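Residue-level structure breakdown
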Amino acid sequence: GAVVSQHPSRVICKSGTSVKIECRSLDFQATTMFWYRQFPKQSLMLMATSNEGSKATYEQGVEKDKFLINHASLTLSTLTVTSAHPEDSSFYICSVWREGPYEQYFGPGTRLTVT
Amino acid sequence: SQQGEEDPQALSIQEGENATMNCSYKTSINNLQWYRQNSGRGLVHLILIRSNEREKHSGRLRVTLDTSKKSSSLLITASRAADTASYFCATDKGYSTLTFGKGTMLLVSP
């Protein structure tokens with residue numbers, strides 16, 4: 001069964017609005033989650049590392065005020081795209097890091113379209 | 001910049017044939033992983049090979065790693081139409097953050 005879920009799977013929003021994407025770890029508690037962005041026919045680019053109970057660590061070039069990450073519990077991280085623009089349209093994928101087997105489990109992704 | 005670079009970018013084969021994809025990377029790694037992604041879907045972890053390993057098998061998958069050349073290959077034997085997907089290599093430098101390559105789009109025709 002699925003280890004990681006994302007909600008919503010698809011979202012369309014108008015330019016200037018904000019949209020929240022949820023990532024849930026279903027099978028275990030996760031201290032660390034990751035957020036990736038994938039443009040059509042391109043690879044995944046790591047946006048940020050989400051740490052439970054502390055501030056997220058953003059990759060170079062990712063605006064932390066635009067992409068707000070909240071890892072409020074050990075099973076939930078949220079990514080909020082604020083003041084969305086059409087260029088933010090992309091496929092956003094989260095992953096959950098599991099210590100022990102030291103593996104990442106990826107969510108099914110969220111397709112964001114900004115009109 | 002991309003750590004991993006796969007080639008070919010696209011590969012089209014017939015069912016039953018073998019598919020080989022290559023990945024090169026630039027810096028030292030802790031391990032290298034291969035993932036599969038069906039169109040518009042999330043990633044599925046296929047196989048992980050550690051930096052001290054040279055070859056690993058899983059079902060119809062065979063992965064090799066050459067750390068001296070900073071390269072890896074993924075071989076899918078006896079391919080099936082259901083293997084049609086994009087395949088990505090990802091390198092882990094030991095801090096759990098993955099850097100993905102650009103991917104190879106594999107099309108297996110019946």
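Nothing here was measured: the structure is a model prediction, and the numbers come from that model. (Residues numbered from 1 in each chain as written. Chains lettered and ligands numbered in written order. Predicted model: local features only at pLDDT ≥ 70, side-chain atom pairs only at ≥ 80, totals over all residues. Heavy atoms only, no water.)

1. Section: the overall build of chain A
Along chain A, the regular secondary structure elements total zero helices and 11 strands. Its C-alpha atoms put chain A at 40 × 30 × 20 Å along the principal axes. Taking all 115 residues of chain A together, 49% fall into the buried category. In chain A, once contacts between residues fewer than 6 apart in sequence are set aside, the share between residues at least 24 apart is 53%. Taken as a whole, chain A presents about 5800 Å² of accessible surface, with 49% of it coming from carbon and sulfur. Taking the 11 positively charged and 10 negatively charged side chains of chain A as two groups, their mean positions are separated by 7 Å. (Helix = DSSP H or I, 4+ residues; strand = E, 2+ residues; numbered from the N terminus. Buried < 20%, exposed > 50% of the residue type's maximum accessible area, 1.4 Å probe, protein only. Contact = heavy atoms within 4.5 Å. Areas by Shrake-Rupley, 256 points an atom, 1.4 Å probe, with all protein chains shown as cover. Lys, Arg positive; Asp, Glu negative; His and termini not counted. Charge placed at Lys NZ, Arg CZ, Asp CG, Glu CD.)

2. Comments concerning the pairing of strand β8 (residues 76-81) of chain A
All names here are of chain A. Most of β8 is tucked away, with six of its six residues classed as buried. Judged by which residues are buried, β8 turns out to be covered on both faces: Leu 76, Thr 78 and Thr 80 on one side and Ser 77, Leu 79 and Val 81 on the other are all buried. Of the pairings in the sheet, the one linking strand β3 (residues 19-25) to β8 comprises six bridges and is antiparallel in character. When the sheet's bridge partners are listed, Cys 23 is paired in β8 with Ser 77. The hairpin turn running from strand β7 (residues 67-73) into β8, its antiparallel successor, is two residues long. (Pairing = 2+ DSSP bridges.)

3. Some remarks on unusual backbone geometry
Of note, the bond from A:His7 into A:Pro8 is cis; its omega dihedral lies within 30 degrees of zero at 0°. Despite not being glycine, B:Lys70 has its phi angle at roughly 50°, a positive value. Even without a glycine there, the phi angle at B:Ala78 is positive, about 45°. Along the chain, B:Ala78 falls in the loop between β8 (71-76) and β9 (85-92).

4. Concerning the interface of chain A and chain B
Contact with chain A, which involves 17 residues of that partner, is made by 14 residues of chain B. Here chain A packs against chain B, burying approximately 1400 Å² in sum over the two surfaces, 59% of which is carbon and sulfur. Counting across the chain A and chain B interface gives zero salt bridges. At the level of elements, β4 (32-38), β5 (44-51), β9 (90-98) and β10 (103-106) of chain A are the ones that each hand at least two residues to the side of chain A that touches chain B. Among the elements that make up the side of chain A that touches chain B, the one with the highest residue count is β5(A) (four residues). (Buried area = accessible area lost by both parts, 1.4 Å probe. Salt bridge = Lys/Arg side-chain N within 4 Å of Asp/Glu carboxyl O.)

5. Structural notes on the sheet that holds β7(A)
Residue and element names in this part refer to chain A. Taken in spatial order, the four strands make up an open sheet running β1-β3-β8-β7, and their pairing is antiparallel. The open sheet terminates on both sides in strands that have one partner only, identified here as β1 (4-7) and β7. Within this sheet the neighbouring strands show an average axis-to-axis angle of 15°, counted without direction. Bridge count for β7 against β8 is five bridges, and the pairing is antiparallel. Bridge assignment links Ser 73 to a residue of β8, and that residue is Leu 76. (Axes fitted to C-alpha atoms, helices over the stretch in contact; angles between N-to-C directions.)

In short, the description is geometric, and any link to function would need to be established separately.
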